Amino acid sequence: MSTTPPTSAPTAAPSAPAPATVTLTIDGQTVTVPKGTTILEAAKTIGTKVPHYCYHPGLSSPAMCRLCLVEVEGAPKPQPGCVTTVADNQVVRTVSDKALGNRQGVLEFYLVNHPLDCPICDMSGECDLQNYVHAEGREHGRGVEPKRVFGRDDFGGDVLFYGDRCVMCTRCVRFMSEVEKDERLTVVERGNRSVIDTFFDEGLDGTHWSGNIVDICPVGALVSKAFLHKARAWDLEHTPSVCASCSQGCNVELHTRDNVVQRVKPRENLDVNGWWMCDYGRADYEWMNEGDRIEAPLVRQADGSSKAVAWKEALGGLLARAKELQGRPVKAVVSARASNEDLGALAELVGALGGGEIVYRSPRSAEEIVLQGFPTLARRKDLAPNVKGAELLGMHRVGADDATGGLDKVRAHDGIVVVLGDALADQDERFGASAALYVYVGTQLPVAARAAHVVLPVTTHAEQEGTFTNHAGRVQRFWPALTAPGMARPAWLVLGALVGELSGEAVPRTAADAYAALAEAVPAFGGLAYPKLGARGALPMISGAAVSSGAKGA
Amino acid sequence: MAIGVKVMHRPQPESTSYLRAALSGMALTFRHMVNPVKVTQQYPEEQTELHPRWRGTHVMETHADGRPKCVACGLCPTVCPANCIRLVGGEDDQGNRYPIVYEIDEFRCIFCGMCQEVCPVEAIHVGQHFENAEYTRARFVYDLDRLMEQDHPVTNLWDPSDPTGE
């Protein structure tokens, strides 16, 4: 079983003896890989994908799909690439007549009972059976016998099972038993009649990670109820992002169509989430599509009404008032769902206004839900993605575990009040009424922003570029998947412009600039820059403090 | 060779008579009166026979129970070069995938017939029809009900007995 995440290999390498390597030939190319690598993984290193169903890097290899059989010189018959380890001077052919002929035969068997209902199958377009048959299968089927029919079955949770489409790779069964370690699925019957099933009526209800079996199903046998018939695979745009559902910071992809997030899929990152993500994160995307957004800056008029104005006017008026009040203590409330750049810009703004206190509220759950077979992955107690980032910036937590309360001091504050992102759901319209200047920076307009002198519309993390710091201090980038509504702009841009005007410093033009400014100002983010972070994030170079305190920050 | 100029000597109006030309013209007219050659088609009383592969406004085929044959697979909006098909798929109460919204903008359509060619269930067809006048532009966006109501014959883009043309 290969579910153990690699430990920090680069640092461990110098002290350990050099790993033994094996050199072999795959399709005429010489490949050198560590000893013990399988042929399938070795072929991957030269960009050759050997077709397979049952093999998954995060699961054990039963070698039962018989599709990855490759020709190994000297072996009496084709060898399964997923379990055959490489040997020195081995000569492997993955596209020889023998290997191709074998795959064509195996694929024909797969189609004996497959309903070929691609037009109504949600997997169509990203289906391994479709791809392999299209690439290497027979042009016409020869089957004349009637196909066996199972129909569909509701497995509970978010999972629907179409038994006819199943290729019996048992990845789902192995995921539940080896990774989630909650054996809910099994193979019943034998041979032609064998089918995946749940135990009696138990189903998958109550599991926390079962959405992953939809991802690892190579065909359309397991599909998501939430995504059923919603979009075709080829219409979706994939944007790398970070899950905002807890402080684990699972790497995800947002799949969008027509500026609407249609589903969330995990993105491979062995240091954080492997290939998996929890069902809560998977279901946590509807809020990105909400329509009731603030679309223009709002400025309160003398008669108490709000007026939508241009950015220049809103920021100009705000600056004039802020300069008058400069030196008055600031109290700021932030959301731990804001990016590092946003929080950094806010911290700078508070500093430029003369300093003050920044607090955040974040919901916490009672317990962690650990993925047993991949213990570094868990649904963390902190149900916001950037709690660690807020802590590193010196902000501190107030309020209860359901993210309410704790704002009494801010509520009655008579200086400057700034709110960034917090929805203030537990506050009424008197919030901030006694403040000399109350600025609400957010995406939606709550009742508690009624007294705000200026309301500035900002983007959600799905609409902007930025970074989150996960519970272990790992800084990870996300990219904009949606177009922001109306005049909404990223908070780091809006607040950065204010800081620039107040302090005379350069205004950040890109998220990379904003991060660079943050890395310069706050040592905990130092040593990193966007190009270094890449798609999979990195730990800050310096701070042992940041990394070690991550353990309790969870 | 030098360029030569041809000089035309036309008869002057005052030195000639129109009578001969008028008589020959009237002779033609009267000849057709007694021996008419029919070239005018009496449209709309008489309808033109359309070419078998004429591609006109669309028809959605239906099952015997009145449901559309479409399974909302999404291939026609994908293949459509004019991007004139809007499709939202869903599931009906019997668990069948079907189009909740299926609209074709016949103004944007270029009548290439690729939607019919790509359809895996032979639901959407181009039709043997060209009389599409409407009073408003909006009426040219045909929704699913309208497409199912179309009663004109559909086009055969290929020989049904030999679909691959072999």
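Source: prediction; values computed, not measured.

1. Describing the overall build of chain B
For step 1, the next point in the chain: For chain B, the count of helices and strands is 4 helices and 5 strands.
For step 2, the next point in the chain: Put simply, chain B runs from its N terminus to its C terminus through helices and strands in the order α-β-α-β-β-α-β-β-α.
For step 3, the next point in the chain: The C-alpha radius of gyration computed for chain B amounts to 28 Å, which surpasses the reference 15 Å derived for 166 residues by more than 25%, pointing to a less compact arrangement than a globule.
For step 4, the next point in the chain: Taken along the three principal axes of its C-alpha coordinates, chain B extends 90 × 55 × 45 Å.
For step 5, the next point in the chain: For chain B, the residues scored as buried account for 21% of the 166 residues in total.
For step 6, the next point in the chain: Counting contacts in chain B only where the partners sit at least 6 residues apart, residues at least 24 apart contribute 72% of the total.

2. Focus: the domain arrangement of chain A
Residues and elements named next belong to chain A.
For step 1, the next point in the chain: Structurally, chain A comprises domain 1 (9-109), domain 2 (144-289) and domain 3 (298-553).
For step 2, the next point in the chain: The interface is formed by 30 residues belonging to domain 2 together with 31 residues belonging to domain 3.
For step 3, the next point in the chain: Of all the secondary structure elements, the ones that give two or more residues to the side of domain 2 that touches domain 3 are helix 5 (171-179), strand 11 (237-242) and strand 12 (251-257).
For step 4, the next point in the chain: With 4 residues, strand 11 is the single largest residue contributor to the side of domain 2 that touches domain 3.
For step 5, the next point in the chain: Split by residue class, the side of domain 2 that touches domain 3 holds 13 nonpolar, 13 polar and 4 charged.

3. Details of the interface of chain B and chain A
For step 1, the next point in the chain: Across the contact, 11 residues belong to chain B and 6 residues belong to chain A.
For step 2, the next point in the chain: Here the element with the most residues in the side of chain B that touches chain A is strand 2 (residues 85-91) of chain B; it accounts for 3 residues.

4. Focus on the packing of helix 3 (residues 97-110) of chain A against helix 4 (residues 128-136) of chain A
Residue and element names in this part refer to chain A.
For step 1, the next point in the chain: Orientation of helix 3 relative to helix 4, taken along the N-to-C sense of each, is 130°, at an axis distance of 10 Å. Relative to helix 4, helix 3 is oriented oblique. Note on packing geometry: the crossing formed by helix 3 with helix 4 is left-handed. Touching L100, R103, Q104, L107 and Y110 of helix 3 are L129, Y132, V133 and E136, all from helix 4.

5. Looking at the sheet that holds strand 5 (residues 91-93) of chain A
Each strand in a sheet pairs with its neighbour through backbone hydrogen bonds, running either in the same direction (parallel) or in the opposite one (antiparallel).
Residues and elements named next belong to chain A.
For step 1, the next point in the chain: The strand order across the open sheet formed by 5 strands is 2-1-5-3-4, and the pairing between neighbours is mixed. Each having just a single partner strand, strand 2 (29-34) and strand 4 (79-80) make up the two edges of the open sheet.
For step 2, the next point in the chain: Note that strand 3 (residues 69-72) and strand 5 share 2 bridges and pair antiparallel. Bridging from a neighbouring strand, V72 pairs with V92 of strand 5.
For step 3, the next point in the chain: Here helix 3 sits on the sheet and contacts strand 3 and strand 5; the angle it forms with strand 3, its principal contact strand, is near 160°.

How each quantity is defined
Residues numbered from 1 in each chain as written. Chains lettered and ligands numbered in written order. Predicted model: local features only at pLDDT ≥ 70, side-chain atom pairs only at ≥ 80, totals over all residues. Helix = DSSP H or I, 4+ residues; strand = E, 2+ residues; numbered from the N terminus. Rg over C-alpha atoms; globule rule 2.2 N^0.38 Å. Buried ≥ 20, exposed ≤ 12 C-beta atoms within 10 Å, placed from the backbone. Contact = placed C-beta atoms within 7 Å. Domains from an automatic or database assignment. Nonpolar A, V, L, I, M, F, W, Y, C, P; charged D, E, K, R; others polar. Axes fitted to C-alpha atoms, helices over the stretch in contact; angles between N-to-C directions. Parallel < 35°, antiparallel > 145°, perpendicular 65-115°, else oblique. Left-handed = near helix turned anticlockwise from the far one by under 90°. Pairing = 2+ DSSP bridges.

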